[in-house]
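Given next are the chains, with one letter for each unit.
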Amino acid sequence: MDNQAMPMASTSSYTKVQYLQRQAASLLLYQSVLQGEVGMAFLDLLQAIRYTDADARGCLQAYGSYFHALATRNQNWEDYIVNQILFSENPFTKLAQQRKFEDLPPALVTAVQHDLQLLQSLYECSSASLSEWVQGVAHMPISPIVWYREQELVGVETKFAAYLNELDNWGDAVEELAAYYQQYGCGLFAEYRALRWQGGQFIGIRYADPIKLSTLVGYESQRDALLKNTEFLLSGEVALHVLLYGSRGSGKSSLVKSLLNEYANRPLCLLEVGKSDLKDLPEIVEHLRGVSQKFIIFVDDLSFEEDDDAFKALKVVLEGNLTARPQNVVVYATSNRRHLIREFFVDRPAPKDNDEIHAWDTMQEKLSFSDRFGLTLTFEPADQKTYLKIVQHLAAQAEIDITQEDLEYQALQWATRHNGRSGRTARQFIDFLKADLTLFRTNENTSNTSHSN
């Protein structure tokens, strides 16, 4: 025992804290489990319990930070540990995606067994135990509040947690864990299904657009073609790059985003890449090569200016180069323009005063760039029949209770006063109508209640 800093905790708790600190320090591959906000707060709390001031303020503050970190994530300590194991990115988790279990280096497997046993002991250090230790250190009449939330067994993460709970020795779970990584991947791609490329790195999107395929109506043939191509991607077949071209508000972007919810139980990720970052596409694709998940690189509102570097980068990804194209990546782009590179009349070559001998070839390359997508889906402007069909479909889903005649009349008035007939206009109209009817009924009920009183 350290004679220079005698702990106020009991000998029993002090010994347990020392043991846990040694376990945490001995991790070989899964150090990242304790490097997040919750993990660091846990380690700081152990240290505060072991070496505390006479008034125990530091210990109480450390417990408050630990409680706050768990509450912020809305997660129990035990769930946090399991999730961090499943999302960890290390040599084992990366290699497990690419090789069969029996082909993994034995030393790597042994290291994972070692780490899992250590993490099991940290997992078993419950928040209730920590609260009791803090109570003893701080000489409090009652223990601090314990963070806890009921956890329903839904999703692959909680199912894996249930599997671990049944094991006496987590070291026996290595092969099952490798199978998990092979199916679901690791790191950021396992934690998030929607991401964006920003500032030269992948950023997870915690709250992705919840739009569902069932809310989209009016472009059934385009929808079916996109679903079929996405099925090719998910099944490991060669999928085509897709250009969704057509009028604004016709649902092109919504259709692509709805794929995440349509394939919620499949290893599909949607990666948003802005126009300013298209120059990074070759680098992005190489990052995704060999990863378990299938990726749709989503480029919204695509168009190019003259001599745009992004044009060259996208061309490489669409057409390929000496590097083989990864089978788990496709590009889905939307555009309001059939010809993606802006062309002006002045750009058209005049043989008598143009210096470029093959100027017509250059112009044709620009105009035919959209042909480099294997599949082009065209979204025509909605006519009145299609517009009203979309309105009726959305009204039924929103359970709006007005006559069809009144609904259609108001929908046409809305389109005239706003953005014309389109799926987007229909959605905006239904959202407004639903809110307006709800507010009207609320005010009516309030008025009736006040009159009766």
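Residues numbered from 1 in each chain as written. Predicted model: local features only at pLDDT ≥ 70, side-chain atom pairs only at ≥ 80, totals over all residues. Heavy atoms only, no water.

(A) Examining the overall build of the protein more closely. Within the protein one finds 18 helices and 7 strands. Across the 453 residues that make up the protein, the buried fraction comes to 44%. Taking the contacts inside the protein whose residues are at least 6 apart along the sequence as the reference set, 78% of them involve residues at least 24 apart. Counting every atom, the protein has about 24,200 Å² of accessible surface; 50% of that belongs to carbon and sulfur. (Helix = DSSP H or I, 4+ residues; strand = E, 2+ residues; numbered from the N terminus. Buried < 20%, exposed > 50% of the residue type's maximum accessible area, 1.4 Å probe, protein only. Contact = heavy atoms within 4.5 Å. Areas by Shrake-Rupley, 256 points an atom, 1.4 Å probe, with all protein chains shown as cover.)

(B) Inspection of the nonpolar core at higher detail. Membership of the largest hydrophobic core comes to 61 residues, with the highest contact counts inside it found for Y30, W77, I85 and F92. With 9 residues, helix α6 (residues 106–123) is the single largest residue contributor to this core. Once residues lying within four places of it in the same chain are set aside, the contact partners of I85 are Y30, V33, L116, L119, W170, L177 and Y181. Counting residues in hydrophobic clusters, the runner-up holds 26 residues, among them F295, L302, L314 and V331. (Core = buried A, V, L, I, M, F, W, Y, C linked by side-chain atoms within 4.5 Å.)

(C) Examining the packing of aromatic side chains more closely. Overall, the coordinates contain 18 aromatic pairs when judged by the stated rule. Ring centres 5.8 Å apart and planes at 90° place the aromatic pair F67 and W147 in the edge-to-face group. Here F67, found in helix α3 (residues 57–73), pairs with W147, found in the loop between α7 (127–138) and α8 (155–165); they are 80 residues apart in sequence, far enough to count as distant. Exposure remark for W147: the relative accessible area of 18% places this residue in the buried category. Of the aromatic side chains, those joined through ring pairs into one cluster are F92, F160, Y163, Y180, Y181 and Y184. (Phe/Tyr/Trp six-rings, centres within 6.5 Å; stacked < 30°, edge-to-face > 60°.)

(D) How the structure looks around the sheet that holds strand β5 (residues 294–299). Here we have 7 strands laid out as an open sheet, ordered β2-β1-β4-β5-β6-β3-β7, and mixed in their pairing. Edge strands, defined here as strands with exactly one partner in the open sheet, are β2 (201–204) and β7 (375–379). Going across the sheet, the axis of each strand differs from the next one's by a mean of 25°, ignoring polarity. As defined by bridge partners, strand β1 (residues 194–198) adjoins β2 across 4 bridges and the pair is classed as antiparallel. (Pairing = 2+ DSSP bridges. Axes fitted to C-alpha atoms, helices over the stretch in contact; angles between N-to-C directions.)

(E) Highlighting a negative patch on the surface. On the surface, a cluster of negative charge is made up of E102, D103, E175 and E176. You can see E175 is positioned in helix α9 (residues 174–184). (Patch = residues over 30% accessible without salt bridge, like charges linked within 9 Å, V, L, I, M, F, W, Y side chains within 5 Å. Salt bridge = Lys/Arg side-chain N within 4 Å of Asp/Glu carboxyl O. Lys, Arg positive; Asp, Glu negative; His and termini not counted. Charge placed at Lys NZ, Arg CZ, Asp CG, Glu CD.)

(F) Quick peek at helix α11 (residues 220–234). In this model, α11 (15 residues) spans 21 Å end to end at C-alpha, consistent with the 21 Å of a helix rising 1.5 Å per residue. Those residues of α11 that sit buried are Q222, L226, L227, N229, T230, L233 and L234. All buried residues of α11 lie within an arc of 165° about the axis, which places them on one face of the element. Facing away from the buried side of α11, by more than 90 degrees, are the exposed residues S221 and K228. (Expected span 1.5 Å × (residues − 1). Arc of directions from axis to C-beta.)

(G) Examining the pattern of salt bridges more closely. For the coordinates displayed, the defined rule picks out 8 salt bridges. Where K94 meets E89, a salt bridge forms, and the shortest distance between an N and an O atom there is 3.9 Å. Judged by relative accessible area, which is 42%, K94 ranks as partly exposed. A salt bridge links E231 to R266; its shortest N-O distance comes to 3.6 Å. Taken as a pair, E231 in helix α11 and R266 in the loop between α12 (252–262) and β4 (268–273) lie far apart in primary sequence, 35 residues in all.

Shape is all these values report; function is a separate question.
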